[in-house]
Amino acid sequence: MQKLFLLFFLLPFISMAQDDLLKELEKDSPQTDYTIATFKGTRLVNGHSIETKNAGTLEFIFAHRFGKINDGLYEMYGLDQAYVRLGLDYGITDNLSVSIGRNSADKIMDGYVKYKLLRQRTGSNPFPFTMTLLGGTAYSISPKKGSEPEGFKTIDRLAYTAQALIARKITSNLSLQLMPTFIHKNAVDQTKEKNNQVAIGVGGRLKLTRSVALTTEYYYRLDPPDNSVFEAGSKRYNSLGFGVDIETGGHVFQLVVTNTSSLTERTFITETKGDFFNGDIHLGFNVTRTFQLKKKK
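Counting starts from 1 at the beginning of each chain's written sequence and moves along it residue by residue. Two thresholds apply to this predicted model, a pLDDT of at least 70 for residue-level local features and 80 or more for giving and counting side-chain atom pairs, whereas whole-chain, interface and lining totals are computed over all residues. Processing note: side-chain calculations cover all non-hydrogen atoms of the structure and skip hydrogens and water entirely.

**Q** Teacher, can you tell me more about the pairing of strand E7 (residues 130-140) here?
**A** Along any regular strand the residues' side chains alternate between the sheet's two faces. Two strands make a pair as long as DSSP finds a minimum of two bridges between them. Under the scheme used here, helices are H or I runs from DSSP no shorter than 4 residues and strands are E runs no shorter than 2 residues, and both carry numbers assigned from the N terminus. Note that strand E5 (residues 108-118) and E7 share 10 bridges and pair antiparallel. Counterpart to Gly111 in the pairing with E7 is Thr137.

**Q** Mind showing me how you'd approach the environment of Ile61 here?
**A** Within the secondary structure layout, Ile61 lies in strand E2 (residues 57-68). Throughout, exposure labels follow a simple rule: accessible area from a 1.4 Å probe, protein chains only, divided by the maximum for the residue type, with under 20% read as buried, over 50% as exposed, and the rest as partly exposed. With relative accessibility at 4%, the residue Ile61 sits in the buried group. For the pair Ile61 and Val287, spaced 226 residues apart in sequence, the C-alpha to C-alpha distance is 5.8 Å. Setting aside anything within four residues of it in sequence, one finds Ile61 in contact with Thr42, Arg43, Arg85, Leu86, Gly87, Asp89, Val287 and Thr288. Contacts are assigned to residue pairs that have any heavy atoms within 4.5 Å of one another.

**Q** I tried to follow the packing of aromatic side chains on my own but got confused; where do I start?
**A** Within a pair of aromatic rings, the relevant descriptors are the distance that separates the centres and the angle that separates the planes. Here the aromatic set is Phe, Tyr and Trp, taking the six-membered ring for Trp, and pairing holds for ring centres within 6.5 Å; pairs whose planes are under 30 degrees apart are stacked, those over 60 apart are edge-to-face, and all others are tilted. Counted under the stated rule, the structure contains 6 aromatic pairs. Measuring from ring centre to ring centre gives 5.8 Å for Phe62 and Phe285, while their planes differ by 55 degrees; the resulting arrangement is tilted. Highlighted residues: Phe62 in strand E2 and Phe285 in strand E14 (residues 282-292), separated in sequence by 223 residues. Its relative accessible area of 24% is what places Phe62 among the partly exposed residues.

**Q** Help me understand the pattern of salt bridges in this model?
**A** Throughout this description, the term salt bridge denotes a Lys or Arg side-chain nitrogen within 4 Å of a carboxyl oxygen of Asp or Glu. All told, the structure shown has 11 salt bridges when counted by the stated rule. A salt bridge links Glu247 to Lys40; the shortest N-O distance between them is 3.2 Å. Placement of the pair is Glu247 in strand E12 (residues 240-248) and Lys40 in the loop between strand E1 (32-34) and E2, with a sequence separation of 207 residues. The class of Glu247 is partly exposed, set by a relative accessible area of 26%. Among the salt bridges present, the one from Lys194 reaches Asp223, with a minimum N-O distance of 2.4 Å. One end of the pair, Lys194, is in the loop between strand E9 (174-185) and strand E10 (196-207); the other, Asp223, is in the loop between strand E11 (212-221) and E12, with 29 residues separating them in the sequence. According to the relative accessible area criterion, Asp223 is partly exposed, its value standing at 46%. Through salt bridges with shared partners, a single network forms among Lys185, Glu193, Arg236, Arg266 and Glu271.

**Q** What should I look at first to understand the nonpolar core in this one?
**A** Nonpolar side chains in soluble globular proteins generally cluster together in the buried interior. To qualify as a nonpolar core, a set must consist of buried Ala, Val, Leu, Ile, Met, Phe, Trp, Tyr and Cys residues joined through side-chain atoms within 4.5 Å. Membership of the largest hydrophobic core is limited to 11 residues, which are Phe39, Leu44, Ile50, Leu165, Ala167, Met179, Ile183, Ala199, Tyr219, Phe268 and Ile269. At the level of secondary structure, the elements contributing two or more residues to this core comprise strand E8 (158-169), E9 and helix H2 (265-270). Phe39 has contacts with Leu44, Ser49, Ile50, Glu51, Ala167, Ser175, Leu176, Gln177, Gly204 and Arg205, leaving out every residue within four places of it along the chain.

**Q** Mind showing me how you'd approach unusual backbone geometry here?
**A** Excluding glycine, residues mostly carry a negative phi; peptide bonds, for their part, are mostly trans. Look at the link from Ser142 to Pro143: it is a cis peptide, with omega at 5 degrees. Topologically, Pro143 is positioned in the loop between E7 and E8. Even without being a glycine, Ala37 presents a positive backbone phi close to 55 degrees. By the secondary structure assignment, Ala37 is in the loop between E1 and E2. Judged by its relative accessible area of 38%, Ala37 falls in the partly exposed class.

**Q** Help me out: how do you make sense of the pairing of E11 in this one?
**A** In E11, alternate side chains face the same way, and those of Ala213, Thr215, Glu217, Tyr219 and Arg221 are buried while those of Val212, Leu214, Thr216, Tyr218 and Tyr220 on the opposite face are not. Where E10 lies against E11, 9 bridges are found, and the strand directions are antiparallel. Paired with Ile200 across the two strands is Tyr220, which belongs to E11. Joining the antiparallel neighbours E10 and E11 is a turn of 4 residues. Relative to E12, E11 runs antiparallel, the two being bridged by 7 bridges. Looking at the pairing, Val212 lines up with Ile246 of E12.

Below, the structure is given as structure tokens:
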């Protein structure tokens, strides 16, 4: 009985000692905080952001571009024309996504694999930025089978893209991204351009409110073809775009102004035919809808 009484008497002190010990262990234990929501969506404007879809998440992407504003009233300032990409992105893991899409503008089927290799984090093991690697393939259905030029092969329809997407969330409202890009086309007109082309993209996001943000994106080609070899209307320019992101629940709606109607890396980086500062501006929008196919752990 005395032992039982002694136990009850000492129990509060034992409990307090355990709490103090746990607090000390928590204080000394390593802790890492990963940066989240560097960008709200998987796209900046035309190109990709570092973000990947979570495991078991399917995202439907509807990207639309009108014609050029400077086409005038006859084309209703571009509204009479439409260029569309329909795409599906799926998260295999939280860091690995795959996608497939169809582009009406260039009659291209495209697909990619996207892997988040490094993550920005603070705490006991800090790291200054997030890096996502992207590898993509584009298959051009144009020209139609039976109307190909002499010597044309099926493999000539293919092009490949490799990107390192590097971003840092500077503050809770500002994120910046760098996009070194390599593009290979199996078949080009050798008198006008090269099979291999390299570009450096820069972009960013400025959050204005909880649900509204501004985005921008620019791709600078390091060794562009000479525009003098192209006919009027076919000259090539660097891709530039601006967007306004509006988040509404499972939707992200983005209003876009850009100098390209193309919606795959191969085309909008190396084959943009509009000069933004000469009025070759396309209005457009991107709409995404996310579906959770698997329960989150």
